[in-house]
Amino acid sequence: MIPLKYNVRNLRVRWKTTLMTILGTALLVASSCILFGLVEGLEYSLKVSGDPLDLIVLRKGSSNETTGGFETSKADQLLTLPGIQRDPSGAPLAAKELLNIANGERANGTRNNLIIRGVQPASRDLRPDFKIVAGRDFVEGRGECIVSKIVSRRYKGGQIGGLLYFGDKEQYRVVGIFTAGGSAAESEVWADLRDVEKNTGRDGSVSCVQIRAASLPDYEKLQKTINDDTQFKLEAKSEKAYFEDQSRMGLFLKAAGTLIAVLLTFGAMFAAANTMFAAVSSRTREIGTLRALGFPQSDILISFLGESFLLCALGGALGLLATLPLNLLTIETFNFGSFASISISFRFGWTVAAVAMIMTVAMGLFGGMFPALRAVRLEVIAALREL
Amino acid sequence: MKYFTYIFRNARRNPIRTFLTIASTGICLFLMMILLAFFDMREDATKANRVFNRIITMNATGFAGMVPIGRVPEVSRMEGVLAASPYGWFGGKYHDETMPFAQFSVDADSVFKILNEFRVPDSQLADFKANKDGAAIGRRLASDRGLKIGDPLPLKGDLYPVDMDLTVRAIYDGPSNRNLRMCLFHYEYLDEALKKVTMSSAYGGSLATDSARTSGNAGMIFIKCKNADVMPSLSKKIDDLYRNSEFPTRTQTEEAFGKMFSDMLGDLQNAIYGIGAAVVVSLLFVAGNAMAIAMRERTSEVAILKAIGFSKGRVLFLVLTEAILVAGLGGALGSLGCKALCDVVDVAKYSAGFLPVFYVPWRIALLGLVVSLFVGFASGVVPALLAANSSVINGLRKVV
Amino acid sequence: MEAKGYSFMRQTSSIVLRSVYKEYRRDEFVIPVLADLDLEVAEGEYLALMGPSGSGKTTLLNLVAGLDRSTKGEVTVHGQVLGHLSEAEVTRWRANNVGFIFQTYNLIPVLTAFENVELPLLLTSLSRRKRREHVMTALRIVGLEKREHHYPRQLSGGQEQRVAIARAIVTDPYLLVADEPTGDLDRTTAGEILDLLELLNREFQKTIVMVTHDPLAAARASRVLHLDKGRLVDEVIQETRVSIAS
């Protein structure tokens, strides 16, 4: 086999070309990885949002919390059902929640819909790892709210002490910033259920009821009871399944990411091929010499393919590395599924690594294949005569 | 141009490299077109519709808020208003498909006076107006779903606790950059169904908060004005009129309304623009690299040119022109090709209802072309300068 | 005209060409290069091929080295009929049996002298330690053992050619083929290279086939063949060669 150092040193000797190719491919790989990092972040937040023992109860036929409202009286009945887990103080781990979608103004003057979630005390325990990280929790009935970090940063009046103003009747004083284990709740504004009822004039209705069952058999029993009740006209969905269904935004990001990745891979492939063709043509005589010395065609093929791989792997690795600082990146955008703001945190995980890897392999293989084949097909005698 | 032959031959001397450079530039710009068009298209479409002089009134707190139906006649009586119609988002399911296409409850009599770029055969329009359960759907929606006049179009309520069993009565057509995938149906049909739901406040989700409570919610009001001049004053007049009511409004032009949707994407828009910028920078490296390789292979030739009396400036010009030619060709293929493709193929059809219409606006396509010319220029500068300043003696030595 | 002593060598011919005909095709043109050539080279012989450009001497060299195939006729080297080997087999055969010396040295610029010489050994199953031994022996023979870490561009032309010779002999092949080995060198350096080739022929019994324009180089060979238009025109057997000592 032709030693790898032959390729490494050639890349080093042509360092300007190598560097340009690496930087070019790195940027392209990083671009695709950013979107897939967001996909991964979104999927993660949906995954941690659903506890296996949690049920979410919506009006039958509605597909989303924001679209599924029903009467408080039914909701109150739900809270008394047997089989609901209880906290140490004996209160049921279940909460009525009321969502309102209000058009908020960002600090930069643009607008987006925000989900205002009116919650009950148990709502906090129903979210993974709910924590107040700054300020304090809101006090019921005082028109206060807590927000996630990104909402606090992006929206006018979202800072602690600020006023989130949606209209004369709907405004909330921000008193704290919360996290919820990276779950979907981190896209929302949380306020007291009764405050939201009052402000939106919707007392007597809830958007959903969240329930944690005491055990798996209880979970199944609860779900059956609620779904089979003809009076209720409600549907208890597994929270896990519910959040999996909420991935419309994820589909969009995935489609965009895939499109970008595929097109950019082709772009990078051609760039790599350009570099490798130049490498082959400037080393024609060397190739002839190696062949004369007795290196078989397969060795030449492997050597040049290897060089192409090496080149692309360096680009891919650099591109991947470039996304590392993005681990702190959270973007705030519009979710077509809920018609409201959603925060997505970049998450570096297997998908991102796999995308970078697949891109690199595709670039290295297809970018290197034709130049390498050209190297293989060179006539030894003609190649030796080349200047 | 007397040097053109020489430049062109040079670009063709290594056809594979030139092809690869053109291809990578083309592909990257193709992608850029799609990314940019995604955001710009809506604005462009509404901007193009400026001539239609339309404004939209919604509840000041957002789409979820109430706009009482009684305001539609109030507004339509205002000075400068040609027609006004309720415009309520229904968001129903079609065969269990969530949000398959846009559905609006409208005033059948006035809606096509407002959306007057759409053409509907007279008999169909009359049919649509005459039948309360009638629906007017776009040509593309009809062809996507294989719907004909007279076909049932059942929509299951998602936001609303009522189902709409519609029948296709009219199929509208219009310019290809407009949404030809909408379903418009009678406001009264929805409102009556809502009144029948023996239910108070509770039914209906947040997006339909108030409508469900009282029915009588127009959702939004789509207003056609006499001319562009009255639009600002009219918007102000409407908002002022309702400022101190229970439901204050926000009225804006159709253009601003479209922009509001793009703006909602917020950071995602920036992320996509960032990616677009990264692609351009990457192209600089790729094209610059190709040009540098080309020049390295031609060292001796440049030396000969200079030996026979070509000035530095002329050499610079030759190399730069070649770089711009190659990148520009890629850019033209990528950006204009993308535009042509989207014009010929109805890309939106494959977005599963996500995009009602997709096309590349001219300004985006031209921007792509300009970007590629810039890439050509920037990628050619360094190799061109090196070639222009190369030593004749060293270059010639390589020849022999 | 046969000299004494050659009859024995001829019996164990290292290289035998029988009615070898070679043509090149370029588009519709057929260019005959070698016409019905018969040739025998004895083991341990040092053969110089001379002739004007286009006379077919490099083609003959390529045939003997297994780089090219004859259109008609048979080329046998050390008992092996090259025409019977597949492309892959002839490549392997080259690796084991032929050492190449080129006019332009053809060292790999990114590899050191040591690594360049080691290249052909990478095709064998020798251990790293064994390879090192062989490389150092070869470098010692050409007198460059102290230059093992130098890259080609850090060496003079003569030194580069000596590294190339070390690379040619490191696998201990039967046959060395040299195409204008002194073509790029000044007279003194050329002399040193020719001394080295002669040493390899005398001390190590390598059969050498060398193409050259240079009468001084040809004078070192034990036999000189002149080619013209693809035919052997003259054969000189030099009993008394210009020796290293002189």
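Residues numbered from 1 in each chain as written. Chains lettered and ligands numbered in written order. Predicted model: local features only at pLDDT ≥ 70, side-chain atom pairs only at ≥ 80, totals over all residues. Heavy atoms only, no water.

Summing up its helical and strand segments, chain A has 13 helices and 14 strands in all. Against the compact-globule benchmark of 21 Å for 387 residues, chain A has a radius of gyration of 29 Å, which places it well outside the compact range. With the principal axes as the frame, chain A shows a C-alpha extent of 90 × 45 × 35 Å. Counting across all 387 residues of chain A, residues that qualify as buried make up 61%. If you take every contact in chain A between residues at least 6 apart in sequence, the share linking residues at least 24 apart comes to 77%. Surface summary for chain A: the accessible area is close to 14,500 Å², and the carbon and sulfur share equals 61%. Taken together, the 43 basic and 37 acidic charged side chains of chain A have centroids lying 9 Å from each other. (Helix = DSSP H or I, 4+ residues; strand = E, 2+ residues; numbered from the N terminus. Rg over C-alpha atoms; globule rule 2.2 N^0.38 Å. Buried < 20%, exposed > 50% of the residue type's maximum accessible area, 1.4 Å probe, protein only. Contact = heavy atoms within 4.5 Å. Areas by Shrake-Rupley, 256 points an atom, 1.4 Å probe, with all protein chains shown as cover. Lys, Arg positive; Asp, Glu negative; His and termini not counted. Charge placed at Lys NZ, Arg CZ, Asp CG, Glu CD.)

All right, on to a nonpolar patch on the surface then. Where nonpolar side chains cluster on the molecular surface, the patch consists of L318(A), L321(A), L324(A) and F348(A) and spans about 330 Å² of accessible area. For L324(A), the position within the fold is in the loop between helix 11 (297-322) and strand 13 (330-335). (Patch = residues over 30% accessible without salt bridge, like charges linked within 9 Å, V, L, I, M, F, W, Y side chains within 5 Å. Salt bridge = Lys/Arg side-chain N within 4 Å of Asp/Glu carboxyl O.)

Okay, the interface of chain A and chain B next. Of the residues lining the interface, 70 residues belong to chain A; the matching set on chain B comes to 62 residues. Surface buried jointly by chain A and chain B totals about 5,500 Å² across both partners, of which 65% is contributed by carbon and sulfur atoms. With a closest N to O distance of 2.8 Å, D267(B) and R154(A) form a salt bridge. On inspection of chain A and its partner chain B, the count reaches 12 residue pairs in polar contact (both at pLDDT 80 or more). If you list the elements that add at least two residues to the side of chain A that touches chain B, you get helix 2 (15-49), strand 2 (70-71), strand 3 (94-105), strand 4 (111-119), helix 9 (248-282) and strand 13 of chain A. (Buried area = accessible area lost by both parts, 1.4 Å probe. Polar contact = N/O pair within 3.5 Å; in protein donor to acceptor, adjacent residues only side chain to side chain.)

Now for the pairing of strand 4 (residues 134-138) of chain B. Along any regular strand, the residues point their side chains to alternate faces of the sheet. Residue and element names in this part refer to chain B. Among the 5 residues in strand 4, 5 count as buried, and that is most of the element. Bridging between strand 4 and strand 6 (residues 164-172) involves 5 bridges; their strand directions are parallel. Of the residues in strand 6, the one forming a bridge with G134 is T167. Here strand 4 runs beside strand 7 (residues 183-186); their pairing, made up of 3 bridges, is antiparallel. For A135, the partnering residue across the bridge sits in strand 7 and is F185. (Pairing = 2+ DSSP bridges.)

What follows is about the environment of Q297(A). Residue and element names in this part refer to chain A. Tracing the backbone shows Q297 in helix 11. According to the relative accessible area criterion, Q297 is partly exposed, its value standing at 34%. In this structure the C-alpha to C-alpha distance between Q297 and R377, which are 80 residues apart in sequence, comes to 8.1 Å. Excluding residues within four positions of it along the chain, Q297 makes contact with R291 and V376.

Moving on to the confidence of the model for chain A. Taken residue by residue, chain A gives an average pLDDT of 88. The fraction at 70 or more is 99%. Per-element confidence in chain A ranges from a low mean pLDDT of 83 for strand 2 of chain A to a high of 95 for strand 9 (residues 189-192) of chain A. (pLDDT = per-residue confidence, 0-100.)

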